[in-house]
Amino acid sequence: MTASIEKVSIIVSKGSLEGIYPGLIMANGARAEGIEASMFFTFFGLDAVSRKRHEHIKVATVGNPGLHVATLIGSLPGMPGLMTSYLERKLEKLDIPPIPEFIEMIADSGAGIYGCQASCDLFGLTKDDLIDQVQAIITVGEFYSLAAGGQIIFT
Amino acid sequence: MPTVTYAGHDVIVNDEGFFTDPSRWREEMAPEIAKAAGIDELTPRHWQVITFMRDQYRVKGTGPTVRVLGKTSGVGVKELYQLFPRGPAKTAARIAGIPKPRGCI
């Protein structure tokens, strides 16, 4: 047998659609391979698990060179919404679920979902502000204990 | 590629244990493949998923993803992972004698 990965801990630190999906795909893919996984949402990544925001995650249409849209055009009113619904349709065609459903699915797969204590303090968030799938708000030290013995992936 | 014997029949599998020829699969092989994949006993709920995998493979030429399984097999995502802790789509495909589903979801 070649080397194998037994456990991953994935940090999501960004709040844009393209900042959140990669971590979700990696966590879900880990569980699908029988790899233990947990997710830690920090800074603007908390939007992905915030009751108020998780259904309204948008693509960054400004300051995003990969999108190949001129900054002036990307900044027009309605552009983030337009680009987001365009990408969401494409994702759905590939059987990639919307963010709220995806996180529910990852939690159901047995992965741990955690919020970052420092970020929650910064934004004035409590566990009630976060979706039910979040098991706890934890400190960085607790995160390292949880991640011990596995790989840490920062996104 | 290795040859293994399930229920008295020789079959060729790839390095990960998936059948190279799904038409060689027989129902009576499933419990032995399951044991090799770490599942000691196949319950009717396991069978519901395995049968669904085979049907989907017949129609679509590939096994379903966990999302599709969770929505349409009658077994939800949580239970799928309880039944197949090492990965539902992957393990069920192996037991059902179909190729490993290839995809990121």
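The structure this text deals with has already been given above.
What comes next concerns the included structure. (Residues numbered from 1 in each chain as written. Chains lettered and ligands numbered in written order. Predicted model: local features only at pLDDT ≥ 70, side-chain atom pairs only at ≥ 80, totals over all residues.)

### Some words on the sheet that holds strand β1 (residues 7–12) of chain A
All names here are of chain A. To keep things clear, this is the line we draw: For two strands to count as paired, DSSP must find a minimum of two bridges between them. Numbered from the N terminus, helices here are DSSP runs of H or I no shorter than four residues, and strands are runs of E no shorter than two. What counts as an axis is a line fitted to C-alpha atoms, over the stretch in contact for a helix, and the angles between N-to-C directions run from 0 to 180 degrees. Our contact criterion uses C-beta atoms placed from the backbone: two residues qualify when those atoms are within 7 Å.
Taking strand neighbours across the sheet as the criterion, the five strands line up as β4-β3-β2-β1-β5 in an open arrangement whose pairing is parallel. Of all the strands in the sheet, the pair left with one neighbour each is β4 (136–138) and β5 (151–154). Each neighbouring strand pair of the sheet contributes to a mean axis angle of 30 degrees, computed without reference to strand direction. Summarising the sheet, β1 and β5 pair through four bridges and their orientation is parallel. Note that in β5 the partner of I10 across the bridge is I153. Sheet strands touched by helix α1 (residues 17–32): β1, β2 (36–41) and β5. Its angle to β1, the strand with the most contacts, is close to 165 degrees.

### Re the packing of helix α2 (residues 44–60) of chain B against helix α5 (residues 88–95) of chain B
Residue and element names in this part refer to chain B. We apply this condition: Orientation categories follow fixed angle ranges, with anything under 35 degrees roughly parallel, anything over 145 roughly antiparallel, 65 to 115 roughly perpendicular, and all other angles oblique. Residue type decides the class: Asp, Glu, Lys and Arg count as charged, Ala, Val, Leu, Ile, Met, Phe, Trp, Tyr, Cys and Pro as nonpolar, and the leftover types, Gly among them, as polar.
Where α2 contacts α5, the axes come no closer than 9 Å and their chain directions differ by 80 degrees. Relative to α5, α2 is oriented roughly perpendicular. For the pair formed by α2 and α5, the contact residues are V49, I50 and M53 on the first element and A92, A93 and I95 on the second. In terms of residue class, the contact of α2 with α5 is made up of six nonpolar, no polar and no charged.

### Describing the pairing of β1 of chain A
All names here are of chain A. Short version of the rule: Burial is judged by counting other C-beta atoms within 10 Å of a residue's own C-beta: 20 or more means buried, 12 or fewer means exposed, and anything between counts as partly exposed, with every C-beta placed from the backbone. Crossover handedness is defined by viewing with both strands directed away from the observer: a clockwise path from the first strand over the helix to the second marks the crossover as right-handed.
Taking burial as the measure, the six residues of β1 include five buried ones, the bulk of the element. With six bridges joining them, β1 and β2 adopt parallel strand pairing. Paired with I11 across the two strands is F40, which belongs to β2. At this point the chain moves from β1, through α1, to the parallel β2, and the crossover so formed is right-handed.

### Brief notes about the interface of chain B and chain A
Taken together, the 15 residues of chain B in the interface contact 13 residues of chain A. For the side of chain B that touches chain A, the secondary structure elements donating two or more residues are α3 (66–72), α4 (77–83) and α5 of chain B. Ranked by residues supplied to the side of chain B that touches chain A, first place goes to α3 of chain B with four residues.

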